[in-house]
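Understanding the architecture of this molecule
Here is how the chains run, residue by residue.
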Amino acid sequence: MSDEHNTPGAARSFETLAIHAGNTADPLTGAVVPPIYQVSTYKQDGVGGLRGGYEYSRSANPTRTALEENLAALEGGTRGLAFASGLAAEDCLLRTLLAPGDHVVIPDDAYGGTFRLFAKVVSRWGVEFSVADTSDPASVRAALTDRTKAIWVETPSNPLLGITDIAALADLARTAGAKLVVDNTFASPYLQQPLALGADVIVHSTTKYMGGHSDVVGGALITNDPALGEELAYHQNAMGAVAGPFDAWLVLRGIKTLAVRMDRHSENATKIAEMLTRHPRVTQVLYPGLPEHPGHEVAAKQMRAFGGMISFRVEGGEQAAVDVCNNAKLFTLGESLGGVESLIEHPGRMTHASVAGSALEVPADLVRLSVGIESADDLLADLRQALGD
Ligand SMILES: *Cc1c(COP(=O)(O)O)cnc(C)c1O
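Counting of residues starts from 1 at the beginning of each chain's written sequence and follows it residue by residue. Totals for whole chains, interfaces and linings use every residue, but because this is a predicted model, local features are given only for residues with pLDDT of at least 70 and side-chain atom pairs only at 80 or more, for both listing and counting. In computing side-chain values, all of the structure's heavy atoms are included and hydrogens and water are not.

Here we look at unusual backbone geometry
What you tend to see is this: most non-glycine residues have negative phi, and most peptide bonds are trans. Put simply, the rule is: Numbering of helices and strands runs from the N terminus, with a helix taken as a DSSP run of H or I at least four residues long and a strand as a DSSP run of E at least two residues long.
Going from Thr155 to Pro156, the amide bond is cis rather than trans, its omega being -5°. Residue position: Pro156 is located in the loop between strand S4 (148-154) and helix H6 (166-176). Cis geometry marks the peptide bond from Asn158 to Pro159; its omega dihedral reads 5°. Following the sequence through the fold, Pro159 ends up in the loop between S4 and H6.

Here is the structure:
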């Protein structure tokens, strides 16, 4: 059987690559799905005689390799690397790119854990950062210094669903001699392809849409710069926060349905955003698919659809927003996002409690939804009753 369809970068469509890239039939048994190679070390055929390059599972493991090849193919990269969490991937990237005295521009609505990594961890090692509104290239340009080594972008952003023009910031980064990093967690490579728009490195929390079933924590880095790919792989092995074989297998399994899931997440979210827009108790709906969203045109240019995340503000302030979260029944009250089941949360008290008092503080009357792939009618009915209809 030919395995040519497993070659990363082969001219196949996204849906096909999601299922086949990296998923070579097992050479020993023909198993169609890559087995979970739950193993730490590998028998050598004479000293240094490695079979297929496998020596020790921190350095490489066949299940993780399958996922890493798949990730590279889906983002149009030359190298994919799978980590134990999204933050482990970010840590590896930062320690690969930066040295004391370097400077990074980060978004004013960065994921809370990303902000904490800069503010509380990386800053202790002499790395400086500035916060900018990345949806406005002029704000990013004003934050650049002659030590800026990276511009960090999240689009759509969390939890305010801000949109950044990736191609515009790629131009800016190139001129500044900095790398453009895009956290593509909210969009997934099905909806948005940052490397094709000029980004240098993609970050994922595969915990979210890539895994898609709220059953695994993982992270990834993908680049199309072979030299940077080598450096990242070197640091991944040197620092060791790799994805374990079972976690890699779960993410690989989740990715096979990514395209159909993202279509349904986007469809359901569009219906819900439209309902919320008309709801008398909702004062603002943040969803890039709505024509009145300030980033709508840029989102329409760089995304295939608008994804499953919505935030909205409730009349009556913080307690009213908390009540909506508590009243929801089908929407599960919980942190995280990107699973098949719908989630609701209050960012100010939950996911974004750690950024209170900083430039990243979020409105107290904000509710965030991760819209799942259940029946849209059931989801609409649950939100209406949670809003007191
Ligand atoms: C969850 C998340 C992360 C962190 O990933 P973990 O897997 O939780 O470590 C980073 N960026 C975004 C946008 C996220 O949603």
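Concerning the side chain of Arg64
Convention followed: Throughout this description, a polar contact denotes any pair of N or O atoms lying within 3.5 Å of each other; where both atoms belong to protein, one of them has to be capable of donating a hydrogen while the other can accept it, and for residues adjacent in sequence the pair is counted only when both atoms sit in side chains. By definition in these notes, contact holds between two residues if any of their heavy atoms fall within 4.5 Å.
Note that Arg64 resides in helix H2 (residues 62-75). There is a polar contact of 3.2 Å between the side chain of Arg64 and the backbone oxygen of Ser59. Not counting residues within four places of it along the chain, the set of residues in contact with Arg64 comprises Ser57, Arg58, Ser59, Ala82, Gln236, Val242, Ala243 and Ala248.

A word on the site of the ligand
The condition that has to hold: Whether a residue is near a molecule or strand depends on its heavy atoms: it is near if one of them lies within 4 Å of it. Each accessible area is a Shrake-Rupley estimate made with a 1.4 Å probe; only the visible protein chains count as cover when residues are assessed.
Around the ligand, a shell composed of 14 residues is seen, among which Gly86, Asp183, Ser205, Thr207 and Lys208 lie nearest. One of the backbone N or O atoms of Gly86 is found 2.9 Å from an oxygen atom in the ligand. Within the side chain of Ser205, an N or O atom sits 2.8 Å from an oxygen atom of the ligand. When the free accessible area of the ligand is taken as 380 Å², the share hidden by the protein chains comes to 92%.

Digging into the sheet that holds strand S11 (residues 343-345)
Note the cut-off: Here, a strand pair is defined by DSSP locating no fewer than two bridges between the strands. Fitted lines through C-alpha atoms give the axes, limited to the stretch in contact for helices. The angle between two N-to-C directions lies from 0 to 180 degrees.
The strand order across the open sheet built from 5 strands is S8-S9-S12-S11-S10, with neighbouring strands paired in mixed fashion. Two strands close off the open sheet at either side, each with one partner strand: strand S8 (282-286) and strand S10 (332-333). Looking at chain direction, S10 and S11 are connected through 2 bridges and run parallel. If you follow Thr332 over to S11, its bridge partner there is Leu343. Its contacts with the sheet place helix H10 (residues 258-278) against S8, strand S9 (309-314) and strand S12 (366-370), and it is angled at close to 15° to S9.

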